[in-house]
Amino acid sequence: MVFVLSKLLGFFAIPSNLVVLIGIGGLLLLPTHFGRAGRWLAFVSLVVLAILGFSPIGNALIIPLENRFPPCDATHGAPDGIIVLGGVIDGSGPGDEVVLNEGAERLTVVPELARRYPNARILFSGGSGALSADGDAEANFALRLLESLGVARGRITLDDHSRNTVENAVYSKAIVQPKPDERWLLVTSAYHMPRAIGVFRKAGFPVEPYPVDWRARGVDDALHPFATMSEGLRRTDTAVHEWVGLAVYWLTGRSSELFPAATREEQ
């Protein structure tokens with residue numbers, strides 16, 4: 001039930017979903033006695049969509065998330081293991097090819113890390129986020145892709161049950177059973193790193209952030225409008241969804257802090 005509720009909340013935490021629903025509600029009111037209110041709702045929803053799509057609001061919201069944790073410092077030495085979070089695979093396409101979304105770098109960086117740290121264990125954590133129980137686990141597709149990219153099967157461990165970030169942390173800890181003196185890297189998108197680190201800390205699994213998949217190029221992007229509405233809406237949706245997730249996870253006791261930050265060792 002909690003998972004279903006989180007999915008419903010996630011739908012309404014997407015600004016474009018909410019604004020479009022308001023616009024549709026306005027259109028439905030047009031032939032009624034509330035037609036004037038309906039016209040205003042439809043007009044306002046269109047204006048808000050344009051603002052969210054073309055203005056740099058999305059970048060302004062995502063930059064603080066992405067800058068919360070610095071890039072990984074290689075001088076810290078080789079880790080004992082690498083945890084890679086899912087959320088990057090959409091299934092398989094024509095010819096049974098693995099289809100990746102725009103967060104693909106979470107996976108494509110793994111072969112490089114595997115070569116750099118030949119003794120590190122690799123865990124991919126990703127089941128199915130679908131509401132239906134018969135959804136295909138991301139981990140199965142990830143295994144195929146990583147093997148095709150040259151990562152040895154014997155180095156890869158799979159968590160094919162996790163449906164969200166909380167389960168990523170809990171199941172990963174149960175699978176790898178990290179020792180107190182071990183170092184584990186956590187690979188996920190830079191904008192998602194604050195929430196992921198907060199959840200792993202809450203689960204009692206200290207990990208070192210290895211952020212990838214930056215969406216903004218820097219603070220200057222907070223002043224640059226988007227060339228297409230779809231791009232701006234996607235950036236805004238991603239950022240707002242993550243901020244809402246941070247707040248909900250903290251309020252429900254599933255994260256160590258409201259806005260986790262890098263420790264002194266990670267800076």
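What you see is a predicted model, and the numbers here were worked out from it, not measured in a lab. (Residues numbered from 1 in each chain as written. Predicted model: local features only at pLDDT ≥ 70, side-chain atom pairs only at ≥ 80, totals over all residues. Heavy atoms only, no water.)

## Regarding the sheet that holds strand S6 (residues 184-189)
Basically, it comes down to this: One requirement defines pairing of two strands: DSSP has to find at least two bridges between them. What counts as a helix is a DSSP run of H or I of at least four residues, what counts as a strand is a run of E of at least two, and both are numbered from the N terminus. Here an axis means a line fitted to C-alpha atoms, over the contact stretch when the element is a helix, while the angle between two N-to-C directions is reported on a 0 to 180 degree scale. The contact rule is simple, with two residues in contact once any of their heavy atoms fall within 4.5 Å.
Pairing is parallel across the open sheet formed by five strands, whose spatial order is S5-S4-S1-S6-S7. Whereas interior strands pair on both sides, the edge strands pair on one side only; in this sheet they are strand S5 (156-159) and strand S7 (208-212). On average, each strand axis in the sheet is inclined to that of its neighbour by 20°, with strand direction left out of account. Here S6 runs beside S7; their pairing, made up of five bridges, is parallel. Paired with serine 189 across the bridge in S7 is valine 212. Along the sheet, helix H7 (residues 138-148) contacts strand S4 (121-125) and S5; its crossing angle with S5, the most-contacted strand, is approximately 160°.

## Notes on the packing of aromatic side chains
Note the following rule: Classification of ring pairs uses Phe, Tyr and Trp, with its six-membered ring standing for Trp, and accepts pairs whose centres are within 6.5 Å; under 30 degrees between planes counts as stacked, over 60 as edge-to-face, and the remaining range as tilted. We call a residue buried when its accessible area falls under 20% of the maximum for its residue type, exposed when it is over 50%, and partly exposed in between, using a 1.4 Å probe and counting protein chains only. For a lysine, the NZ atom is tested; for an arginine, the CZ atom; a charge sits over a ring if that atom is within 6 Å of the ring centre and within 35 degrees of the ring normal.
The tally for this structure, following the rule as stated, stands at five aromatic pairs. Ring geometry for phenylalanine 11 and phenylalanine 12: centres 5.2 Å apart, planes at 90°, overall edge-to-face. Ring centres 5.0 Å apart and planes at 50° place the aromatic pair tryptophan 243 and phenylalanine 259 in the tilted group. Here tryptophan 243, found in helix H10 (residues 229-251), pairs with phenylalanine 259, found in the segment after H10; they are 16 residues apart in sequence, far enough to count as distant. According to the relative accessible area criterion, tryptophan 243 is partly exposed, its value standing at 29%. The partly exposed category is assigned to phenylalanine 259, whose relative accessible area is 21%. By the ring-pair criterion, three or more aromatic residues cluster together here, those being Trp184, Phe200 and Phe205. Positioned over the ring face of phenylalanine 259 is arginine 68, at 3.9 Å from the centre of the ring.

## A few points about the pattern of salt bridges
Keep this limit in mind: A pair is scored as a salt bridge if a Lys or Arg side-chain nitrogen falls within 4 Å of a carboxyl oxygen belonging to Asp or Glu.
Within the structure shown, the criterion is met by ten salt bridges. As a salt-bridge pair, arginine 215 and glutamate 102 come within 3.3 Å of each other at their nearest N and O atoms. Taken together, the residues arginine 215 in the loop between S7 and H10 and glutamate 102 in the loop between strand S3 (98-100) and helix H5 (105-108) connect sequence positions 113 residues apart. Exposure remark for arginine 215: the relative accessible area of 14% places this residue in the buried category. On the basis of relative accessible area, glutamate 102 is assigned to the partly exposed category, the value being 39%. A salt bridge links arginine 163 to glutamate 167; its shortest N-O distance comes to 2.9 Å.

## Things to note about H7
Three- or four-residue spacings in an α-helix give side chains the same orientation, since the helix completes a turn every 3.6 residues. Along H7, the residues that are buried comprise Glu138, Ala139, Phe141, Ala142, Leu143, Leu145 and Leu146. Where H7 is buried, its residues touch strand S2 (89-92), S3, H5, helix H6 (110-116), S4 and S5. The first or second residue beyond H7 is glycine 150, which carries a positive phi of 100°.

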